[in-house]
Amino acid sequence: MKLRIAFMNLNRAVCLELPEAQVPWFHEKFCEDLRAGESTSNSTHVQDEVYMALSEVLSNSNDVIQRDVVTPYSYMIDFLIEFDTKGRPIKKRPKRRSIFSFSKSKTDNSSAVEGSNVGERVAILVLTDQAYSKHVRRLRGFARQKVRHLEMLGYRVILVDRSEERRVGKSVDLGGR
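Residues numbered from 1 in each chain as written. Predicted model: local features only at pLDDT ≥ 70, side-chain atom pairs only at ≥ 80, totals over all residues. Heavy atoms only, no water.

Trainee: Honestly, the pattern of salt bridges in this entry has me stumped. Any pointers?
Mentor: When their charged atoms lie close together, side chains carrying opposite charge are able to pair. As enumerated under the stated definition, the model contains 7 salt bridges in all. In this structure, the salt-bridge partner of Asp33 is Lys29, at a minimum N-O distance of 3.1 Å. A residue pair is termed a helical-turn pair when its members lie 3 or 4 positions apart in one helix, as Asp33 and Lys29 do in helix H2 (residues 28-37) at 4 residues. The exposure class of Lys29 is exposed, given its relative accessible area of 55%. Across the salt bridge formed by Asp161 and Arg137, the nearest N and O atoms sit 2.8 Å from each other. On the criterion of sequence distance, the pair formed by Asp161 in strand S4 (residues 155-161) and Arg137 in the loop between strand S3 (118-127) and helix H4 (141-152) is long-range, its members being 24 residues apart. Judged by its relative accessible area of 14%, Asp161 falls in the buried class. (Salt bridge = Lys/Arg side-chain N within 4 Å of Asp/Glu carboxyl O. Helix = DSSP H or I, 4+ residues; strand = E, 2+ residues; numbered from the N terminus. Buried < 20%, exposed > 50% of the residue type's maximum accessible area, 1.4 Å probe, protein only.)

Set out below in structure tokens:
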């Protein structure tokens, strides 16, 4: 299974970073099977808090925040908010896994949602400590590649650091004594 996932990641990287090679994305079925085997409730306490904060910022409008969205090339996004060309949030679509069209070119990805007036897609990722290097707080490995690929697909990526939330919580607790 690890080897198959490594090949899937390689296929995704080649498709996105070398479109001139015209290598097809042939892992869609494998990714669907992988998601089907996962539990449907991967939500954490931090993700629930982020969802509530987003809801507050967007005037308690839960109908514009999409959770656990699958992108082209099967990246999972914790939260997705789409804005129209005038900067207003767009109401979320019915939950379907294939709401995106695939594009073979990096430049064709500006409007990957078919038949819509999406001006900007904002992907919000909740990351753990493993996504960052230890001594210098920088993204590393898979998380860094995921952000780069999402940006290639036309997303604006916002990162939420779970450990930062814990540190803020500790400092608030200490200050309240």
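Now that the structure is up, let's keep going.
Trainee: Any chance you could explain the sheet that holds strand S1 (residues 65-70) here in plain terms?
Mentor: Two pairing modes exist for strands in a sheet, parallel and antiparallel, and in both the strands are linked by backbone hydrogen bonds. The strand order S1-S2-S3-S4 describes an open sheet built from 4 strands, whose pairing is mixed. Taken across any chain shown, the strands that pair with only one partner, and hence form the sheet edges, are S1 and S4. Between one strand and the next, the sheet's axes are offset by a mean angle of 35°, whatever the strand orientation. Both strand S2 (residues 76-84) and S3 contribute to a ladder of 6 bridges, which runs antiparallel. Within S3, the position partnered with Phe83 by the bridge is Glu120. Sheet strands in contact with H4 are S2, S3 and S4, and its direction is about 150° off that of S4. (Pairing = 2+ DSSP bridges. Axes fitted to C-alpha atoms, helices over the stretch in contact; angles between N-to-C directions. Contact = heavy atoms within 4.5 Å.)

Trainee: Is there a simple way to think about the environment of Thr71 in this case?
Mentor: Note on placement: Thr71 falls in the loop between S1 and S2. Distance in space between the C-alpha atoms of Thr71 and Tyr155 is 10.0 Å, their sequence separation being 84 residues.

Trainee: What exactly am I supposed to notice about the packing of aromatic side chains here?
Mentor: Each aromatic ring pair is specified by the distance between its two centres and by the angle formed by the two planes. Scanning all chains against the criterion turns up 3 aromatic pairs. Between Trp25 and Tyr73, the ring centres sit 5.4 Å apart and the planes meet at 75°, which makes this aromatic pair edge-to-face. Here Trp25 is found in the loop between helix H1 (2-17) and H2, whereas its partner Tyr73 is found in the loop between S1 and S2, with 48 residues between them in sequence. Exposure class is identical for Trp25 and Tyr73. Each is buried. Residues Tyr51 and Phe79 carry aromatic rings whose centres are separated by 6.1 Å and whose planes lie at 25° to one another, so their mutual orientation is stacked. Taken together, the residues span a long stretch of sequence, with Tyr51 in helix H3 (residues 45-57) and Phe79 in strand S2 at a distance of 28 residues. Of the two residues, Tyr51 and Phe79, both sit in the buried class. When the ring centre of Tyr75 is taken as reference, the NZ or CZ atom of Arg12 above it lies at 3.8 Å. Arg137 extends its terminal NZ or CZ atom over the ring of Tyr132, reaching a point 4.2 Å from the ring centre. (Phe/Tyr/Trp six-rings, centres within 6.5 Å; stacked < 30°, edge-to-face > 60°. Lys NZ or Arg CZ within 6 Å of the ring centre and 35° of its normal.)

Scope: geometric values only; no functional claims are made or implied.
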